[in-house]
Amino acid sequence: RAEVVINGSSSPAVVDRSNETIKHNIQPASAKWRHNQTLSLRIRKQILKFLDAEKDISVLKGTLKPGDIIHYIFDRDSTMNVSQNLYELLPRTSPLKNKHFGTCAIVGNSGVLLNSGCGQEIDTHSFVIRCNLAPVQEYARDVGLKTDLVTMNPSVVQRAFEDLVNATWREKLLQRLHSLNGSILWIPAFMARGGKQRVEWVNELILKHHVNVRTAYPSLRLLHAVRGYWLTNKVHIKRPTTGLLMYTLATRFCSQIYLYGFWPFPLDQNQNPVKYHYYDSLKYGYTSQASPHTMPLEFKALKSLHEQGALKLTVGQCD
Ligand code: CTP
């Protein structure tokens, strides 16, 4: 039986954006939040029963060889062959091997970060995780610059870099990759068949231009393991978002976890409009039946953990 009360409800949340916004009032960042170390350790232990971030963060070189066939996690009937490039970029050892950090920031991509002034605070954390290659330079005051790990769903190549249709877009992606400067680039390459070509393009760019990044490709079992953990705790997610995946992984190697940019609602706590992403014009789509995510439900679980001191959510301005 689950030991940590995360959701308290056994039924899937009804997604009603306007009401959810009102219900999710969070204390300002400066309010008296206290880290609950006992609870954090208990959560780490429980998550370790489902997955181990050290192992599941990436498939290792020793476990695959070029030509091996992999079934996509969400398209079991579709397969891919491990290419020579992918093989070359697989890490030999886990990029998180024996890693431990005092405080970690996980930066989600909500527009709630705009005008937050959180950049400086984010950059003080020992390990900073960002999602989907979100831009930082132009938004440094609100989101910071430090990046130790950044995720990149293959769809980013299409959404943010026009599927590299010409040299200009290829150059833009290349510059962004160069700017990562030794960080871990985490590419979920085995999730869905749609990403096949895009992952290959990125791998090729990295190798051809000797880009200084440490590539990681999550294990085949990670998604199901993460989902399993949350379902056991009565959080009925369809498919975990990148942000929730990162939190779940971070519990293994971070003593304290601080979340910024997690706000899947179109209005803020003062009823002002909030952009879906801080950096582009993507619209809210998570309520549609087609969306694989259940972000407001995830948010509810994270908020509950915030209230219990297991993590700290910042959804307003930083001090
Ligand atoms: N996020 C959030 N509120 C938003 C936007 C994002 O809480 N308005 C969080 C989610 O946890 C999300 C993470 O920030 O996973 C990164 O955002 P995004 O790049 O949009 O990630 P995904 O939705 O997971 O990516 P995708 O749409 O490619 O599945």
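Relevant structure appears above.
About the cut-offs
- Residues numbered from 1 in each chain as written.
- Predicted model: local features only at pLDDT ≥ 70, side-chain atom pairs only at ≥ 80, totals over all residues.
- Heavy atoms only, no water.
- Helix = DSSP H or I, 4+ residues; strand = E, 2+ residues; numbered from the N terminus.
- Contact = heavy atoms within 4.5 Å.
- Polar contact = N/O pair within 3.5 Å; in protein donor to acceptor, adjacent residues only side chain to side chain.
- Buried < 20%, exposed > 50% of the residue type's maximum accessible area, 1.4 Å probe, protein only.
- Axes fitted to C-alpha atoms, helices over the stretch in contact; angles between N-to-C directions.
- Parallel < 35°, antiparallel > 145°, perpendicular 65-115°, else oblique.
- Phe/Tyr/Trp six-rings, centres within 6.5 Å; stacked < 30°, edge-to-face > 60°.
- Disulfide = S-S within 2.5 Å.

Peer 1: Sorry, what's going on with the environment of Asp 148 here?
Peer 2: Following the sequence through the fold, Asp 148 ends up in the loop between α6 (140–143) and β5 (149–151). With 106 residues separating them along the chain, Asp 148 and Cys 254 place their C-alpha atoms 13 Å apart. Aside from chain neighbours lying at most four places away, what touches Asp 148 is Ser 126, Phe 127, Val 128, Ser 183 and Ile 184. Within polar-contact distance, the side chain of Asp 148 engages the backbone nitrogen of Val 128 at 2.7 Å.

Peer 1: What am I meant to see in the side chain of Ser 116 here?
Peer 2: Looking at where Ser 116 falls in the secondary structure, it is placed in the loop between β3 (101–107) and α5 (119–124). Ser 116 gets classed as buried once you look at its relative accessible area, which sits at 3%. Apart from residues lying up to four places away in sequence, Ser 116 is in contact with Asp 142, Gly 316, Gln 317 and Cys 318.

Peer 1: Would you take a moment to explain the packing of helix α2 (residues 37–48) against helix α11 (residues 242–253) for this structure?
Peer 2: Two quantities define a packed helix pair, namely the angle between the axes and the distance from one axis to the other. Where α2 contacts α11, the two axes come as close as 9 Å, and the packing angle between them is 110 degrees. The orientation of α2 relative to α11 falls into the category roughly perpendicular. Taken together, the residues of α11 that come into contact with α2 (itself represented by Ile 43, Arg 44, Ile 47 and Leu 48) are Tyr 247, Thr 248, Thr 251 and Arg 252.

Peer 1: Teacher, can you tell me more about the packing of aromatic side chains here?
Peer 2: Any aromatic ring pair is given by two values, namely how distant the centres are and how the planes are angled relative to each other. Scanning the entire structure with this criterion turns up 13 aromatic pairs. Seen in terms of ring centroids, Phe 50 and Tyr 229 are 5.8 Å apart; in terms of plane orientation they differ by 80 degrees. Their pairing is edge-to-face. Residue Phe 50 is found in the loop between α2 and α3 (53–56), and its partner Tyr 229 is found in helix α10 (residues 222–232); the two are separated by 179 residues along the sequence. Judged by relative accessible area, Phe 50 falls into the partly exposed class, the value being 23%.

Peer 1: What is the right way to look at the state of the cysteines in this model?
Peer 2: Each disulfide consists of one covalent bond between the sulfur atoms belonging to two cysteines. By the definition in use, this model includes two disulfides. Bridging Cys 104 to Cys 254, the disulfide has an S-S length of 1.9 Å. One disulfide, between Cys 104 and Cys 254, carries an S-S torsion of -90 degrees and so falls in the left-handed class. Of this pair, Cys 104 sits in strand β3 while Cys 254 is found in strand β8 (residues 254–260), placing the two residues 150 residues apart along the sequence. Comparing Cys 104 with Cys 254 shows no difference in burial state: the two are buried. Put simply, Cys 118 and Cys 318 are joined by a disulfide, and their sulfur atoms are 2.0 Å apart. Taking the sign of the S-S torsion, 95 degrees for the link of Cys 118 and Cys 318, the bridge is right-handed. With Cys 118 in the loop between β3 and α5 and Cys 318 in the segment after β9 (312–314), the pair connects residues that are 200 residues apart, well separated along the chain.

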